[in-house]
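Coordinate inspection notes
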Amino acid sequence: MSASARTAAGSRPRPAALHQALGGWYARTRRDLPWRRTRDAYPIWVSEVMLQQTTVRTVLPYYEAFLHRFPSIRALSEAREEDVLAAWSGLGYYHRARNLHRAARHLTERHRGQFPKTLESALAVPGVGLYTASAVLSIARGLPLPLVDGNVRRVLARLFALRGPEWLRDGPFYNLAEEFLDRESPGDWNQALMELGATVCTPRRPACPACPVGVHCRAKALGIALELPEGRARRAPVDVTVAAALVEKEGRLLLVRREEGRLMGRLWEVPQTSLESRGLPDLAREIQERHGLRVVPGALAVRARHAITFRRIRLEGYRARLRQPAPVDPERYKWVSPAEAVKLPTSSMTRKLLRGLKDGQLPLDLQVR
Ligand code: SF4
């Protein structure tokens, strides 16, 4: 074992040494992302909410379009929920958009359309939790608040070789993050830790030889990086087939609205159901039970893959014919062209189906009887 490795394995790195190594690396190499070009709390807040459970690559086009449409907290607060959800369509986890909208109304009513300046008042905003409040306040306002997300947890667990039951809980990670926070530049420090976890100290392939804090890292010295962080057992992925009925009338597809109170409530979607045992008779029966529509499924027209949390979804869109007069309740049913559909709040799965159809597959040559 080399001298530096012995040092790393046997002693705790000093905060100042980590600040210098990681801060310098972040200043030199950080990705140029649009929310890093501002100190305005509103766009930073929007980015933090969008980035929860979603990758940077997915978020980028939504971020620009959302801020273009709702350029301020006040503008967002004045928007209809339907329009906010439409701008969010395809990003998934729609409760985030609803919370953002609700929070914007709260801030317009009580804080003159500004994000709060203290942790206490930020936590009083509906839908704003400790992570989001700390992220916005440390990055936009320079408040010395630590952040712990999955990336930070992994980096800290490895840097300090943290093992044992104590490190299955969040509290000790917050304490450690607070102890090592760079109080001179808390926003940059928090982002540097997350950036390291996202780009270098990744879950399965940590690039230890290129790591800016490798010389201080106990897990690297002990050769146990891949064993950390010790985790709560992961739920095994479940395979699900979602079958959808593509019902067309004069170049327009039939969409149905999900019920209020359900997951993704009030979003529009192609009538669909998840099939445990695959087969067309199930699709017809379940579409009738769930949506009150009598359909005759036909050929498979679109196939796609989707993933939500632990579910791996095989998405299949079947051409279908209505065996009843066209439904007319506008609160529940809508006939739309693919171009109109993307302006509605729709589920990610419906967007994938529509993308699969866009190459001239409409009309589907199906007639409503
Ligand atoms: Fe992660 Fe390896 Fe860097 Fe340690 S040396 S922080 S394990 S990338």
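Refer to the structure presented above.
To start, this report covers the structure provided alongside it.

How each quantity is defined
- Residues numbered from 1 in each chain as written.
- Predicted model: local features only at pLDDT ≥ 70, side-chain atom pairs only at ≥ 80, totals over all residues.
- Heavy atoms only, no water.
- Helix = DSSP H or I, 4+ residues; strand = E, 2+ residues; numbered from the N terminus.
- Buried < 20%, exposed > 50% of the residue type's maximum accessible area, 1.4 Å probe, protein only.
- Contact = heavy atoms within 4.5 Å.
- Areas by Shrake-Rupley, 256 points an atom, 1.4 Å probe, with all protein chains shown as cover.
- Salt bridge = Lys/Arg side-chain N within 4 Å of Asp/Glu carboxyl O.
- Near = heavy atom within 4 Å.
- Nonpolar A, V, L, I, M, F, W, Y, C, P; charged D, E, K, R; others polar.
- Phe/Tyr/Trp six-rings, centres within 6.5 Å; stacked < 30°, edge-to-face > 60°.
- Pairing = 2+ DSSP bridges.

Focus on the overall build of the protein
- Each helix and strand counted, the protein has 16 helices and 7 strands in total.
- Burial status across the protein gives 50% buried among its 369 residues.
- In the protein, the share of contacts with a sequence separation of at least 24, taken over all contacts with a separation of at least 6, comes to 68%.
- Accessible surface for the protein amounts to roughly 18,500 Å². Of this, 50% is attributable to carbon and sulfur atoms.

Some remarks on the pattern of salt bridges
- Applying the stated criterion across every chain, the model contains 19 salt bridges.
- When the shortest N-O distance is used, the salt bridge between Arg-257 and Glu-331 registers 3.2 Å. On the criterion of sequence distance, the pair formed by Arg-257 in strand 2 (residues 252-257) and Glu-331 in the loop between strand 6 (311-322) and strand 7 (333-336) is long-range, its members being 74 residues apart.
- In this structure, Arg-285 engages Glu-286 in a salt bridge whose closest nitrogen and oxygen atoms are separated by 3.9 Å.
- Within this structure, Arg-30, Arg-39 and Asp-188 form a network of salt bridges that share partners.

Describing the site of the ligand
- Around the ligand, the structure places Arg-158, Cys-201, Pro-206, Cys-208, Cys-211, Gly-214, Cys-217, Lys-220 and Ala-225.
- Classifying every residue of the shell around the ligand gives 6 nonpolar, 1 polar and 2 charged.

A look at the packing of aromatic side chains
- One pass over the full model with this rule turns up 7 aromatic pairs.
- A centroid spacing of 6.4 Å and a plane angle of 65 degrees characterise the contact between Tyr-42 and Trp-45, whose relative ring orientation is edge-to-face. One end of the pair is Tyr-42 and the other is Trp-45, both in helix 3 (residues 41-51) and 3 residues apart, which spans about a single turn. For the pair Tyr-42 and Trp-45, one class covers both residues: buried.
- Ring centres of Phe-66 and Trp-88 lie 5.7 Å apart, and the angle between their planes is 85 degrees; on these two criteria the pair is classed as edge-to-face. Of the two residues, Phe-66 is situated in helix 4 (residues 56-69) and Trp-88 in helix 6 (residues 81-88); the sequence distance between them amounts to 22 residues. Each member of the pair, Phe-66 as well as Trp-88, is classed as buried.

Structural notes on the pairing of strand 2
- Where burial is concerned, most of strand 2 is hidden: 5 out of the 6 residues are buried.
- Sheet analysis places strand 1 (residues 238-249) next to strand 2, joined by 2 bridges and oriented antiparallel. Each residue of the ladder has a partner; that of Glu-248, found in strand 2, is Leu-253.
- Between strand 1 and strand 2, which pair antiparallel in sequence order, lie 2 residues; one of them, Glu-250, sits at a positive phi of approximately 50 degrees.
- When strand 2 meets strand 7, the two strands line up antiparallel, connected through 4 bridges. Considered in strand 7, the bridge of Leu-254 is made with Trp-335.
- Looking at chain direction, strand 2 and strand 3 (residues 268-269) are connected through 2 bridges and run antiparallel. What sits directly across from Val-256, in strand 3, is Glu-269.

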